[in-house]
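Below are the chains, spelled out letter by letter.
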Amino acid sequence: MKRGRLPLTAMRSFEAAGRLLSFSRAADELFVSQAAISRQIRELESLIGKPLFERLHRRVVLTDAGRSLLNQLSVSFDDISARLAAVIAEPVTRLLRVSVEPSFAAALLIPRLNQFQALRPEIDVVVDASLQISDFRGDEIELAIRYGATATSWPRVECRHLFNVMLTPVLSPALIDGDPPLASPAELRRYPLLHDFNRDGWARWFEAAGFPEMAQQRGPIFPDSALIMQAAALGHGVGLGDRFMEATELEAGTLIRPFDIEVPFGAYWLVAPDFSALTPAAAAFADWVMKEFGSRVPASKT
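Described below are features of the structure shown in this document.

Cut-offs used in this document
- Residues numbered from 1 in each chain as written.
- Predicted model: local features only at pLDDT ≥ 70, side-chain atom pairs only at ≥ 80, totals over all residues.
- Heavy atoms only, no water.
- Core = buried A, V, L, I, M, F, W, Y, C linked by side-chain atoms within 4.5 Å.
- Buried < 20%, exposed > 50% of the residue type's maximum accessible area, 1.4 Å probe, protein only.
- Helix = DSSP H or I, 4+ residues; strand = E, 2+ residues; numbered from the N terminus.
- Pairing = 2+ DSSP bridges.
- 1 Å grid on protein atoms, 1.4 Å probe; cavity = no way out; pocket = protein on both sides within 12 Å on 5 of 7 lines; lining within 4 Å.
- Points joined across faces, edges and corners; volume = space filled by probe spheres on them.
- Nonpolar A, V, L, I, M, F, W, Y, C, P; charged D, E, K, R; others polar.

Looking at the nonpolar core
Okay, so step 1: Residues Phe104, Leu143, Leu162, Trp205, Leu270 and Phe285 are the most contacted members of the largest nonpolar core, which totals 49 residues.
Okay, so step 2: Elements supplying a minimum of two residues to this core: strand E3 (94-100), helix H5 (102-119), strand E4 (123-129), strand E5 (141-148), strand E6 (158-170), helix H6 (200-209), strand E8 (263-272) and helix H9 (280-293).
Okay, so step 3: Ranked by the residues each element gives to this core, the list is headed by H9, at nine residues.
Okay, so step 4: Within the second largest apolar cluster, 18 residues are counted, among which are Met11, Leu44, Leu52 and Val60.

What follows is the structure, encoded as structure tokens:
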């Protein structure tokens, strides 16, 4: 029988009467008359072409067909009732905690997060912008966006590659206002160089530019690339940025690239303990992150 033609009201009346072995008690449970229960059951018996009850003096007994149908209907109605209760108990909104490196959060995630909220308004994303690497235990964080040299930078997790970081010098046009044009990478030494905590970036860039002797260990040090870019935009010196990360500032002209030379410097990764075991909210966010930022390569187990 097609699902759209199932006699649901009659089956509900029969299930109650069969479970209680009483038409009158079924009527009380369903808040209808005993006559209505009897009519619904007769119509169901007529439809299937066999009796469901033996009608004895002041009591009813299920037939074999009645017992078979009752067993199935009771289980089905119990499952429907449990699922309905679970749906009602689910909160309207879901909180999703994501650990994100501050530079990625500031440059890329926050400017685009409203797009995800428009797609999935029932999910409230809690952005934990921190350099500390989550171990996914006890802090309710389900996903992380992290910077690292390779996919093996974190043990016992799965990583999906987002994009490679390519470092290139960026600075405020106000910093060089009135100065002669920069004709050679060596002339960057006119200005303070802004470093991350290990100072490796400038050494690698000057080597790629053909001036390894120009690498210096002087200049302000910042714990995060977002702070380096802020200092560069304020005209405090020259920082090393990524064209994708700094696209907004480069397009607006608040930062400029004096040279086209770039050097690879690690990558950003989407990290989870097990992508196949994510909650629906986390899976939806992971899919969006990969479409928005990623190169869509398969997950690699580390």
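Some details on the pairing of E8
Two faces make up the sheet, and in a regular strand the side chains alternate between them.
Okay, so step 1: The buried fraction of E8 is high, at eight of 10 residues.
Okay, so step 2: In terms of strand pairing, E5 meets E8 through five bridges, oriented antiparallel. Note on E8: the bridge partner recorded for Ala144 is Val271.

Some details on the layout of surface pockets
Okay, so step 1: Volume-wise, the largest pocket comes out at about 640 Å³.
Okay, so step 2: Looking at the largest pocket, it is lined by 34 residues, and the ones nearest its centre are Tyr147, Asp196, Phe197, Ser225 and Phe265.
Okay, so step 3: Those elements that place two or more of their residues in the lining of the largest pocket are E5, E6, H6, helix H7 (225-233), strand E7 (239-242) and E8.
Okay, so step 4: Broken down by class, the residue content of the lining of the largest pocket amounts to 18 nonpolar, nine polar and seven charged.

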